[in-house]
Amino acid sequence: TNAQLQLKAMALLIALLLAATDAERRDMMDYLREKNIRQFIHKNIIHSSEPLGDEMAHYLYVLQSVSLNLCERRMRTSMDPYSQEQRELLQSLRQTAFESESEAPASNFSTERRRSLCAKEFRKLGFMNNSNPAEDLRRAPPGLLALDNMVYFSRHTPNAYSRFVLENSSREDKHECPFARSSIQLTLILCEILHVGEPCSETAQAFYPMFFGQDHFFEELFCICIQLVNKTWKEMRATQEDFDKVLQVVREQITRTLSLKPTSLELFKTRVNALNYSEILKLRQTERLHQEETLAVELRERLKPELLELIRQQRLLHLCEGTLFRKISSRRRQDKLWYCRLSPNHKVLHYGDVEEGVHSPPIESLPEKIPVADMKMLLVGKECPHTKEKSSGKQNKDVLELAFSIVYDVEEYCLNFVAPTRYEFCLWTDGLNVLLGKEMTSERMQTDLDVLLSMELKLRLLDLENISIPDTPPPVPKPPSNLNFCYDFS
């Protein structure tokens, strides 16, 4: 009962086990099993009043790992078609499940009839090769460990075993849950989750409170999980085509339950059965939404500079196309028009008076120029010189919202604008800010950015599961015979 002595004894025991050969390790573990070391650890170390230190927890994990790795020999051994013992184990599985059907003496049947009956019963048991079920156990891993688990389940919980097999053999062929095939795959899943056959790892999860609380831990865990397979199969209304999906859900049910660190197999059984298929779907949906939100935030930050550059280019293109503005004079008439546009190389603003009805005049027809290099700042609203003297009236208020000015040259001349619409005001002020090397500040910029980000995020986060994406692009179709449908831009 001395904690220090327990720790030193455990350290010595682990050192001996790790230094031993496989055969010696098996002998040592058999000896320790005879001495009831599992019960002692469970009662006097795990459930003692003293807190479990990190060092002792590590030793318990290693001992658990060494014990589980004893299954590796069976896991790596495939079925021997000439082994009488293994064939007897297979026959015992069949006889336990179909006792009432096998009551008739074998002598009453011909050899061919007896083989046909056995094949039929092995098919009901869920073997894929029902004429020679040993072939199903040739895959290693899980090898003979799967057969050991099936036999243990049939002998220690015969009612549950018979119920599983008979319930499924009475269903339609496509809806029956194959016991043998499920057992083989489940054994492999449990080996992967419990790291059977792998060297001890500091990062691997320890299940020692549950492990040391139960004799034949691996087999007992299998008994719980194989019944879970049948339960989940029914909840998913699965067919034979859904076999892999069902086992994937079962793997998730087991790993999620183990992550809660249950302290006993009974507690594990209660929790894993409560975690049904609908709960798994809810958890997946919640995690997916959370993952998408997290991913969306990261993607937004990554995509923002690229999309802002796209908006900048669009604004500059709009300035290159130019806009028709009205002149504001002291008189009420506002029929004088002028046009302003940016040169294609983004270095000069061209502007000049135009007549009514003229649209997109060429740059050569605009006599006035302002080099972009001479532009000093952009003024908007009340800051503009042409709005300061106008202070009242609804029309003046409208002008105030659409007015902007460019301050340029050494003597600080101003070129004054009143945009025809709020849309034009946003595009021009953004474009001029880009030319000045400043940030775009209009509300239109934020709207455009939000729309582009939303579209791009939806495209990037599309669920492409089970959708095949070709490696090569599709062929370009032949050009049409004529282009009469094209809009005449002239």
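Along each chain, residue indices are assigned from 1 in the same order as the chain's sequence is written. In keeping with the predicted nature of the model, local features appear solely for residues at pLDDT of at least 70, side-chain atom pairs appear and are counted solely at 80 or more, and the whole-chain, interface and lining totals rest on all residues. Each side-chain value is worked out from all heavy atoms of the structure, with water and hydrogens disregarded.

As recorded by an unreviewed UniProt entry, the protein carries the name Engulfment and cell motility protein 3 and is attributed to Cathartes aura. As its UniProt record puts it under Function (unreviewed entry), the protein is described as follows: "Involved in cytoskeletal rearrangements required for phagocytosis of apoptotic cells and cell motility. Acts in association with DOCK1 and CRK. Was initially proposed to be required in complex with DOCK1 to activate Rac Rho small GTPases. May enhance the guanine nucleotide exchange factor (GEF) activity of DOCK1." UniProt positions are given in the numbering used here, feature names are shortened, and annotations may be inferred rather than shown by experiment.

**What to know about the sheet that holds strand 2 (residues 337–342)**
Ordered in space as 1-2-3-4, the four strands form an open sheet in which the pairing is antiparallel. Whereas interior strands pair on both sides, the edge strands pair on one side only; in this sheet they are strand 1 (323–326) and strand 4 (368–371). On average, each strand axis in the sheet is inclined to that of its neighbour by 25°, with strand direction left out of account. Sheet analysis places strand 2 next to strand 3 (residues 348–354), joined by six bridges and oriented antiparallel. Residue pairing for strand 3: leucine 337 is matched across the bridge by valine 354. Where helix 15 (residues 277–321) meets the sheet, it contacts strand 1 and strand 2, and its direction lies at approximately 135° from that of strand 2. DSSP-based pairing: two strands are paired if at least 2 bridges between them are found. Helix and strand definitions here come from DSSP, where helices need a minimum of 4 consecutive H or I residues and strands a minimum of 2 consecutive E residues; each element is numbered from the N-terminal end. All axes are obtained by fitting lines to C-alpha atoms, using only the stretch in contact for helices, and the reported angles, taken between N-to-C directions, cover 0 to 180 degrees. Contact criterion: two residues are considered in contact whenever any of their non-hydrogen atoms come within 4.5 Å of each other.

**A look at the UniProt feature "signal peptide" (unreviewed entry) in the protein**
According to UniProt, the "signal peptide" (unreviewed entry) feature falls on residues 1–23. Between the end C-alpha atoms of residues 1–23 the distance is 31 Å, and the span holds 83% helix and 0% strand.

**Section: the environment of threonine 447**
On the secondary structure map, threonine 447 appears in helix 19 (residues 443–460). Among the residues examined, threonine 447 registers a relative accessible area of 41% and is labelled partly exposed. Polar contact criterion, stated in full: a pair of N or O atoms within 3.5 Å, where within protein one must be able to donate a hydrogen and the other to accept it, and residues adjacent in sequence count only if both atoms are side-chain atoms. Here glutamate 443 takes part through its backbone oxygen, which lies 3.0 Å from a polar atom of the side chain of threonine 447. For every residue, the accessible area (1.4 Å probe, protein chains only) is compared with the maximum for its type, and the residue is labelled buried under 20%, exposed over 50%, or partly exposed between those bounds.

**A few points about helix 1 (residues 3–19)**
Helix span, as expected, comes to 1.5 Å for every residue beyond the first. Here helix 1 contains 17 residues, and its C-alpha end-to-end distance of 24 Å stays within 8% of the 24 Å for a straight helix at 1.5 Å per residue. Its buried side turned inward, helix 1 meets helix 2 (22–34), helix 3 (37–46) and helix 4 (54–68). If you check the start of helix 1, you find a side-chain oxygen 2.9 Å away from the backbone N of glutamine 4, and it comes from asparagine 2.

**A word on unusual backbone geometry**
Keep in mind that most residues, glycine aside, have a negative phi and that most peptide bonds are trans. If you check the backbone angles, lysine 261 has positive phi at about 55° while not being a glycine. Relative to the helices and strands, lysine 261 resides in the loop between helix 13 (243–259) and helix 14 (265–274). Residue classification places lysine 261 among the exposed residues on the basis of a relative accessible area of 53%. Of note, histidine 346 is a non-glycine position whose phi angle comes to about 65°, a positive value. Residue classification places histidine 346 among the partly exposed residues on the basis of a relative accessible area of 28%.

**Some thoughts on the sheet that holds strand 7 (residues 413–418)**
Think of a sheet as strands paired side by side through backbone hydrogen bonds, with each pair either parallel or antiparallel. The sheet built from three strands is open, its strands ordered 5-6-7 with antiparallel pairing. Looking at which strands have only one partner, the edges of the open sheet turn out to be strand 5 (375–380) and strand 7. Strand-to-strand twist of the sheet, defined as the mean angle between neighbouring strand axes without regard to direction, takes the value 20°. When strand 5 meets strand 6 (residues 403–408), the two strands line up antiparallel, connected through five bridges. Looking at the pairing, leucine 378 lines up with isoleucine 406 of strand 6. Helix-sheet contacts for helix 18 (residues 422–435) involve strand 5, strand 6 and strand 7, and the interaxial angle to strand 5 is about 155°.

**Structural notes on the packing of aromatic side chains**
Only Phe, Tyr and Trp rings are paired, with Trp represented by its six-membered ring, and only when their centres lie within 6.5 Å; those with planes under 30 degrees apart are stacked, over 60 edge-to-face, the remainder tilted. Throughout the structure, instances matching the rule amount to 18 aromatic pairs. Arranged with centres 5.1 Å apart and planes meeting at 75°, the rings of phenylalanine 325 and phenylalanine 417 form a pair that is edge-to-face. One end of the pair, phenylalanine 325, is in strand 1; the other, phenylalanine 417, is in strand 7, and 92 residues separate them in sequence. You'll find phenylalanine 325 and phenylalanine 417 in the same group, each marked buried. Grouped by ring-pair contacts, the aromatic residues Phe325, Trp338, Tyr351, Phe404, Phe417, Phe425 and Trp428 constitute a single cluster. Directly above the aromatic system of phenylalanine 243 lies the positively charged group of arginine 181, at a separation of 3.8 Å from the ring centroid. Cation placement over rings: the criterion is NZ of Lys or CZ of Arg within 6 Å of the ring centroid and within 35° of the ring normal.

**What to know about the nonpolar core**
In these notes, a set of buried Ala, Val, Leu, Ile, Met, Phe, Trp, Tyr and Cys residues joined through side-chain atoms within 4.5 Å is what counts as a nonpolar core. Core analysis: the biggest nonpolar cluster contains 85 residues, and Met10, Leu125, Leu147, Ile254 and Phe268 have the highest contact counts within it. The dominant element in this core, judged by the number of residues it contributes, is helix 12 (residues 217–235), at 11 residues. Dropping the residues within four chain positions of it, isoleucine 254 is found in contact with Leu186, Leu190, Ile193, Cys225, Leu228, Phe268 and Val272. Judged by nonpolar contacts, the second largest core, of 40 residues, contains Ala296, Cys340, Ala419 and Met445.

**Looking at the packing of helix 1 against helix 4**
The geometry of helix 1 relative to helix 4 is characterised by a closest axis approach of 10 Å and an angle of 35° between their N-to-C directions. Considering the relative orientation of helix 1 and helix 4, their crossing is left-handed. Between helix 1 and helix 4, the contacting residues are Gln6, Leu7, Met10, Ala11, Ile14, Leu17 and Leu18 on the first element and Glu55, Met56, Tyr59, Leu60, Val62, Leu63 and Val66 on the second. Residue type decides the class: Asp, Glu, Lys and Arg count as charged, Ala, Val, Leu, Ile, Met, Phe, Trp, Tyr, Cys and Pro as nonpolar, and the leftover types, Gly among them, as polar. Each residue belonging to the contact of helix 1 with helix 4 can be placed in one class, and the counts come to 12 nonpolar, one polar and one charged. It is the rotation of the near helix from the far one that decides the hand of a crossing: anticlockwise by less than a right angle makes it left-handed, clockwise makes it right-handed.

**Here we look at the pairing of strand 6**
Across the six residues that make up strand 6, a large majority, six, are buried. Side chains Ala403, Ser405 and Val407 of strand 6 all project onto a buried face; the interleaved residues Phe404, Ile406 and Tyr408 project onto the opposite face, where all are buried too.

**Side note on the environment of asparagine 416**
Its location among the elements puts asparagine 416 in strand 7. Taking the C-alpha atoms as reference, asparagine 416 lies 97 Å from phenylalanine 98; in sequence the two are 318 residues apart. Apart from the residues lying within four places of it in its own chain, the contact partners of asparagine 416 are Trp338, Pro385, His386, Phe404 and Ser405.

**Overview of the domain arrangement of the protein**
Segment limits for the domains were obtained from an automatic or database-derived domain assignment. Each assigned domain of the protein is listed with its residue range as follows: domain 1 (3–102 + 109–275) and domain 2 (317–448). The centre of domain 1, based on its C-alpha atoms, is set 79 Å off from the matching centre of domain 2.

**Some details on the side chain of aspartate 448**
Here aspartate 448 shows up in helix 19. When its relative accessible area of 17% is taken as the criterion, aspartate 448 is described as buried. Aside from chain neighbours lying at most four places away, what touches aspartate 448 is Ile311 and Arg315.

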